[in-house]
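# Summary of the model geometry
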Amino acid sequence: MQRPPLSPGQFERYRRHLNLPEFGAEGQRRLLDAQVLVVGAGGLGCPISLYLAAAGVGRIGLADFDVVDVSNLQRQVLYGTGDVGRPKVEVARERIRAQNPDVDVSLHGDPLTAQNALSIFAAYDLVLDGSDNFPTRYLSNDACVLLGKPSVYGAILRFEGQASTFDARRGPCYRCLFPEPPPPGAAPSCAEAGVLGVLPGIIALVQATEAVKLLCGVGELLIGRLLHYDALSMRFGEFRFHKDPACPVCSEEPSIRELVDYAGFCGAPLPGAESAAPELSAAELRAMQQRGERFLLLDVREPPEFEAARIAGAELLPLGQLEARRGEIEPWRQGRVVVFCHKGGRSARACEWLRQEGFGDVLNLSGGIDAWSLTVDPGVPRYGDASAPRAEGG
């Protein structure tokens, strides 16, 4: 296809690209013609979007339904203090347009679901996954495989990150590397475990680099290779993996031929789902305390969350350690146990485990410590969402 020549303004803007023998005017025109979807406008999505816009990618789609929170500002570099409370995709579009008027920005402000993902993804050449939850990752992967599109994956937590490129037409997909998600609660989110503020920038730039190489047809891609980065030791490592001949979505005889229930597959609570365990409100818990009732108040969050905010009298026992440390709660088998986490998701799973283990009087604090902060004790600090699925990276 004959592409129009670069304008004088474009020639000057992209001069450093044009000087690369492997890239040149043809590579730049490919970028200007490209359409790329970024899933998540968070820690990974912000630098991905900014650098792809600077490189001259013609159309960037942003998929995120969140608003800017003050806790985002430590790492999500498209946003400032004055943007708190605004939809992320709207702020991101303003920053991208200010950076490069050549770039068209399309916004997808509703949550990605099995019902809308294929129609959204179909309009793009490439998907960059900057999400931070397993349902969105599996959804993005399966949609890309079904549509025959490549995707670039990134993930971050604490001081470590990883990245890879998936293209089922010539290599493995995300399910080949991770056939099943970890058990619910086994893998903490960034809000629970924390993340070094500069870490997403490093992983995001790996993803953006892969995107540019893929769109321009240059270099060796991370297909079949998982790149791992440890910020504390400042070391990169590489893990090679292969296409799974039994992969349910990208094998020659796949069992998944359409998008499925990803929240159910990953064990995440569905919106509006009721806890199997009886619940009590923050006000009811406060009344129990005031009456001097005897019960175990069990906090199943992670230690950094406990340090940031706590309910007086609670005992910390993270969800992932319940089985190994069950002896600590054994004396309460015949007593009452009230369980809480950030917003109620992890505590619901803890209640289910306790009931299966024979603890008869188990209650889940509805809304978790966040509800306690809002309705009982505003002196307990609130912090970023740690349980609801979000399409953002850190």
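Notes on the structure in this doc start here. The structure displayed is predicted, hence computed values, not measured ones. (Residues numbered from 1 in each chain as written. Predicted model: local features only at pLDDT ≥ 70, side-chain atom pairs only at ≥ 80, totals over all residues. Heavy atoms only, no water.)

## What about the pairing of strand β8 (residues 235-240)?
Note the following rule: The classification of residues rests on relative accessible area computed with a 1.4 Å probe and restricted to protein chains. Under 20% of the type maximum is buried, over 50% is exposed, and intermediate values are partly exposed. Counting from the N terminus, the helices are DSSP H or I runs at least four residues long and the strands are E runs at least two residues long. One requirement defines pairing of two strands: DSSP has to find at least two bridges between them.
β8 sits mainly on the outside: zero of its six residues count as buried. Where strand β7 (residues 225-230) meets β8, six bridges bridge the pair, whose relative direction is antiparallel. When the bridges of β8 are listed, Arg225 appears paired with Arg240.

## Focus on the environment of Val300
Within the fold, Val300 resides in the loop between β10 (296-299) and α13 (303-308). Residue Val300 is classed as buried on the basis of its relative accessible area, which comes to 0%. Counting along the chain gives 21 residues from Val300 to Gln321, while the straight-line C-alpha distance between them is 8.8 Å.

## Notes on the sheet that holds strand β13 (residues 361-365)
Basically, it comes down to this: Contact criterion: two residues are considered in contact whenever any of their non-hydrogen atoms come within 4.5 Å of each other. Axis angles are defined between N-to-C directions and span 0 to 180 degrees, where every axis is a line fitted to C-alpha atoms and, for a helix, only to the segment in contact.
Strand order in this open sheet of five strands is β9-β13-β12-β10-β11, and the pairing throughout is parallel. Edge strands, defined here as strands with exactly one partner in the open sheet, are β9 (279-280) and β11 (315-316). The strands touched by helix α14 (residues 345-356) within the sheet are β10, β12 (336-340) and β13, with β13 carrying the most contacts at an inclination of about 175°.

## Some details on a nonpolar patch on the surface
Our working definition: Residues enter patches when their relative accessible area tops 30% and they take part in no salt bridge; the joining distance is 9 Å for like charges and 5 Å for the nonpolar side chains Val, Leu, Ile, Met, Phe, Trp and Tyr. Method for areas: the Shrake-Rupley scheme with a 1.4 Å probe, in which residue coverage is limited to the protein chains shown. Salt bridges are defined by distance alone: a side-chain nitrogen of Lys or Arg within 4 Å of a carboxyl oxygen of Asp or Glu.
Taken together, the side chains of Phe159, Leu196, Val198 and Leu232 define a hydrophobic patch exposed on the protein surface, amounting to about 380 Å² of accessible area. Locating Leu196 in the fold gives a position in the loop between α9 (190-193) and α10 (199-216).

## A short note on the sheet that holds strand β3 (residues 104-108)
Spatial ordering of the open sheet is given by β3-β2-β1-β4-β5-β6-β7-β8, a layout of eight strands whose pairing is mixed. The outermost strands of the open sheet, each flanked by one partner alone, are β3 and β8. Going from strand to strand, the sheet's axes swing by 15° on average, the running direction of each strand aside. Pairing of strand β1 (residues 35-39) with strand β4 (residues 126-129), which is carried by four bridges, proceeds in the parallel orientation. From the neighbouring strand, Val38 faces β4, where its bridge partner is Leu128. On top of the sheet, α10 reaches β1, β4, β5 (151-157), β6 (160-166), β7 and β8; it is set at about 175° to β5, its chief contact.

## Some points on unusual backbone geometry
Residues apart from glycine generally show negative phi values, whereas peptide bonds are mostly found in trans. One non-glycine residue with positive phi stands out, namely Arg158, at about 55°. Structurally, Arg158 is set in the loop between β5 and β6. Of note in the backbone geometry, Met234 takes a positive phi value of approximately 50° without being a glycine.

## A closer look at the side chain of Arg175
Note that Arg175 resides in helix α8 (residues 174-177). Since its relative accessible area comes to 2%, Arg175 is described here as buried. With residues up to four places along the chain from it excluded, the contact list for Arg175 reads Tyr138, Asn141, Asp142, Cys247, Pro248, Val249, Ile256, Tyr262 and Phe265.

## Regarding the packing of helix α12 (residues 282-290) against helix α15 (residues 368-375)
Packed helix pairs are specified by the crossing angle of their axes together with the interaxial distance, meaning the distance between the axes. Stated formally: Oblique is the label for any angle not under 35 degrees, not over 145, and not in the 65 to 115 range, which are roughly parallel, roughly antiparallel and roughly perpendicular in turn. Note on residue categories: nonpolar means Ala, Val, Leu, Ile, Met, Phe, Trp, Tyr, Cys or Pro, charged means Asp, Glu, Lys or Arg, and polar means any other residue, Gly included.
Contact geometry for α12 and α15: axes closest at 9 Å, N-to-C directions at 80°. For the element pair α12 / α15, the angle class is roughly perpendicular. Contact with α12, carried on its side by Ala282, Leu285, Arg286 and Gln289, involves Ala371, Trp372 and Thr375 of α15 and no other residues of that element. In the contact of α12 with α15, the residues fall into four nonpolar, two polar and one charged.

## Remarks on the packing of aromatic side chains
Note the cut-off: Any pair of Phe, Tyr and Trp rings, taking the six-membered ring for Trp, is counted once the centres come within 6.5 Å. Such a pair is stacked with planes under 30 degrees apart, edge-to-face with planes over 60 apart, and tilted for the rest. Each ring is checked for a lysine NZ or an arginine CZ that lies within 6 Å of its centre and within 35 degrees of its normal; such an atom marks a charge sitting over the ring.
Applying the stated criterion across every chain, the model contains nine aromatic pairs. A ring pair is formed by Tyr138 and Tyr174, whose centres lie 5.0 Å apart and whose planes are at 75°; its orientation type is edge-to-face. Here Tyr138 is found in helix α7 (residues 134-147), whereas its partner Tyr174 is found in helix α8, with 36 residues between them in sequence. Residue Tyr138 shares its accessibility class with Tyr174, and that shared class is buried. One aromatic cluster is present, built from ring pairs that chain together Tyr138, Tyr153, Phe166, Tyr174, Phe178, Phe239 and Phe241. When the ring centre of Phe359 is taken as origin, the NZ or CZ atom of Arg333, which lies over that ring, is 4.7 Å away.

## Focus on the pattern of salt bridges
Tallied over the entire structure, the rule returns 25 salt bridges. A salt bridge links Arg346 to Glu305; the shortest N-O distance between them is 2.9 Å. In this pair, Arg346 sits in helix α14 while Glu305 sits in helix α13, placing the two residues 41 residues apart along the sequence. Judged by relative accessible area, which is 3%, Arg346 ranks as buried.

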